[in-house]
Structure formats: C-alpha cells, structure tokens
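Single-letter residue listing:
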Amino acid sequence: MSYIDFLAKFGISSAHPGGFSLTKKILEPEEIEKHQRVLDVGCGTGKTSEYLAKQYKCQVSALDLHPLMLEKAKERFNKEQLDIELIQGDVQRLPFPDEQFDFIIAESVTAFTEISLTLREYFRVLKKGGVLLDLEMTSNSSLSEYEKKDIRRIYGITRVLTENEWIAALKDCGFKEITGMKRENIQAPDHPPLELTDFNIGSLSFEALKIWLDHLDMMKKYEQVLDYRVYRASKQGT
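Parameters and conventions
Residues numbered from 1 in each chain as written. Predicted model: local features only at pLDDT ≥ 70, side-chain atom pairs only at ≥ 80, totals over all residues. Heavy atoms only, no water. Helix = DSSP H or I, 4+ residues; strand = E, 2+ residues; numbered from the N terminus. Buried < 20%, exposed > 50% of the residue type's maximum accessible area, 1.4 Å probe, protein only. Contact = heavy atoms within 4.5 Å. Areas by Shrake-Rupley, 256 points an atom, 1.4 Å probe, with all protein chains shown as cover. Arc of directions from axis to C-beta. Pairing = 2+ DSSP bridges. Axes fitted to C-alpha atoms, helices over the stretch in contact; angles between N-to-C directions. Polar contact = N/O pair within 3.5 Å; in protein donor to acceptor, adjacent residues only side chain to side chain. Right-handed = clockwise from strand over helix to strand, strands pointing away. Phe/Tyr/Trp six-rings, centres within 6.5 Å; stacked < 30°, edge-to-face > 60°. Lys NZ or Arg CZ within 6 Å of the ring centre and 35° of its normal.

Take the overall build of the chain next. Helix and strand counts for the chain come out as nine helices and nine strands. Buried positions account for 51% of the 238 residues belonging to the chain. Put simply, of all contacts in the chain between residues at least 6 apart along the chain, 79% involve residues at least 24 apart. Of the accessible surface of the chain, which amounts to about 11900 Å², a share of 49% is contributed by carbon and sulfur atoms.

Here it is in structure tokens:
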C-alpha cells in the first residue's frame, strides 16, 4: 500500500497542507465565470470539484488516475446531483486536446509525477490567457541525499523542488507571471482536521497505520525543511 493508496482507501479528502480552507483561499481572488472550463487534476474524492461546481457554476472536469478515488468522487457527484465530467487519466498525458481550459487547479499532485512532463501538459491544455493554480510541496533549502531517500521512502517522490526551482520549471514550460505564495501570506491552517468520507477505524490495518504514522513522523522530522507554496502562473496569449 502506497501513501496515495492509503488516502484513497480511507476516503481522505483535502489531505494537502492547509486542507479545504486553503483551497477556498486559493480560489477566492480568481474571477471564475459560469461559461469557463476548470480542470481539477488529481481530484481525489472530488471535494474541490464539488466546491467549484456549486460556488462558481462553471464547467468542471475532474481527473484522477486512482480507481478508488474516482469511485468515491462519482459517489459524491451523484449524491449532490452535480454535472461534473469525471475522467480516469494520467496528468503526465492529459486526455484532452490543446487549449481546452480557463483554469487548472492542482493540489499536491505535480510533485508526485515527472514534474517537467506534467507542467508541459498543463500548459498545453490551458487556453491562451488561462491560469494554473498549483499547491505543491516545496523545500526551504536543497535536500541532502539522505533526506531525499527518506522522503522518497514514504511518498515515492523523486524530487522536492525549492521555490526557485519550481518557478524555473514553470518558466521552462512557457508560463509567465509566476508567483509563489508562502503559507504566511495565505493565512490558512497548517494542519487542519482531516476530512474523511469513508473512514472506519476498525478497518485500519497494521500496514495502513504504519503509513499514517510514518507520514506524521515525516512532517515532524522535516518541519523546518518541507514547506509548501501556491504557485500561480498564466499562459499568455500571442
């Protein structure tokens, strides 16, 4: 069982730093209109997609690769009677034609992939003038080989970029007007209560418990090293 499998099995929504309250703060300044298309990549159980559809009445597409996440998202959308396009797909090879979306929101997704491939896909499917909102794990300094190996052991992440490295990667893919917002500028809680849609403590296996305890230990161990940023970047028209 991987960390992502754990989140899917127990229906943990908004597991990213800052939780759902941060999601709302990220979206609050954006002028999202009813006719616009928004892509929620790595949608998980669909909490953010649900909020987008209800709050902004926009056209939402929700994409995830994990079958169990998709199953839980489908249950959510059906229960709320929401017309949200739900798609199984890989963010590194998005199943959409070029220039389809006005906004893309990614919450702790890109860092778990081959970053350059994924950012290029975001750029490709955004319309000219479109905006990427990407909340990602960010290291406050370059990591040692031991730290990289330790983090990879829990999360399977091959690279944890610094803010400057994230911005450089976004520029390399063609993005402009890039900003990296720090937690103190966003004012969202660092460790909000987890939102559980299908959690049963009786079904928590030893393997799952170990993954969760390892995660908590990792957050404590690297609290001065591992951080997050919200990167906002645009695809300018030509």
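Before going further, it helps to examine helix 6 (residues 145-155). Glu147, Asp150, Ile151, Ile154 and Tyr155 are the residues of helix 6 that are buried. For helix 6, the buried positions fall inside an angular range of 110 degrees around the axis, keeping them on one side. Turned more than 90 degrees from where helix 6 packs its buried face, Glu145, Tyr146, Lys149 and Arg153 sit exposed. Just downstream of helix 6 lies Gly156, where phi reads positive at about 75 degrees.

With that settled, consider the sheet that holds strand 2 (residues 37-41). Spatially, 4-3-2-5-6-9-7 is the arrangement adopted by the seven strands of the open sheet, whose pairing is mixed. What marks the edges here is a single partner per strand, and that holds for strand 4 (85-88) and strand 7 (176-181). Here the average twist between neighbouring strands, direction ignored, is 15 degrees. Where strand 5 (residues 101-107) lies against strand 6 (residues 126-139), six bridges are found, and the strand directions are parallel. When the bridges of strand 6 are listed, Ala106 appears paired with Asp134. Contacting strand 2, strand 5 and strand 6, helix 5 (residues 115-125) runs over the sheet at an angle of about 155 degrees to strand 6.

Our next topic: the environment of Leu132. Residue position: Leu132 is located in strand 6. For the pair Leu132 and Leu39, spaced 93 residues apart in sequence, the C-alpha separation works out to 9.6 Å. Residue contacts for Leu132: discarding those within four places in its chain leaves Ile104, Leu119, Tyr122, Leu126, Leu170, Phe175, Tyr231, Arg232 and Ala233.

As a further point, take the side chain of Thr110. When you line up the elements, Thr110 lands in the loop between strand 5 and helix 5. Among the polar contacts made by the side chain of Thr110, one reaches the side chain of Tyr122 at a distance of 2.9 Å. Excluding its chain neighbours within four sequence positions, the residues that come into contact with Thr110 are Ile115, Thr118, Leu119, Tyr122, Asp134, Glu136 and Trp166.

For strand 5, the buried fraction is high: seven of the seven residues fall into the buried class. By the bridge criterion, four bridges tie strand 2 to strand 5 in an arrangement that is parallel. By the bridge assignment for strand 5, Leu39 is matched with Ile104. Taken together, strand 5, helix 5 and strand 6 constitute a β-α-β crossover, and its handedness is right-handed.

As enumerated under the stated definition, the model contains five aromatic pairs in all. Relative to Tyr51, the ring of Phe20 lies with its centre 5.3 Å away and its plane at 85 degrees, an arrangement referred to as edge-to-face. One end of the pair, Phe20, is in helix 2 (residues 19-27); the other, Tyr51, is in helix 3 (residues 47-56), and 31 residues separate them in sequence. The exposure class assigned to Phe20 is buried, which follows from its relative accessible area of 12%. Residues Phe96 and Phe101 carry aromatic rings whose centres are separated by 4.9 Å and whose planes lie at 85 degrees to one another, so their mutual orientation is edge-to-face. Accessibility classification places Phe96 together with Phe101 in one group, the buried group. Within the aromatic cluster, the residues linked to one another by ring pairs are Phe20, Tyr51 and Tyr56. Sitting over the face of the ring of Phe20, Lys47 holds its NZ or CZ atom 4.9 Å from the ring centroid. Here Lys235 stacks its cationic end above the ring of Phe123, 4.8 Å away from the centre of that ring.

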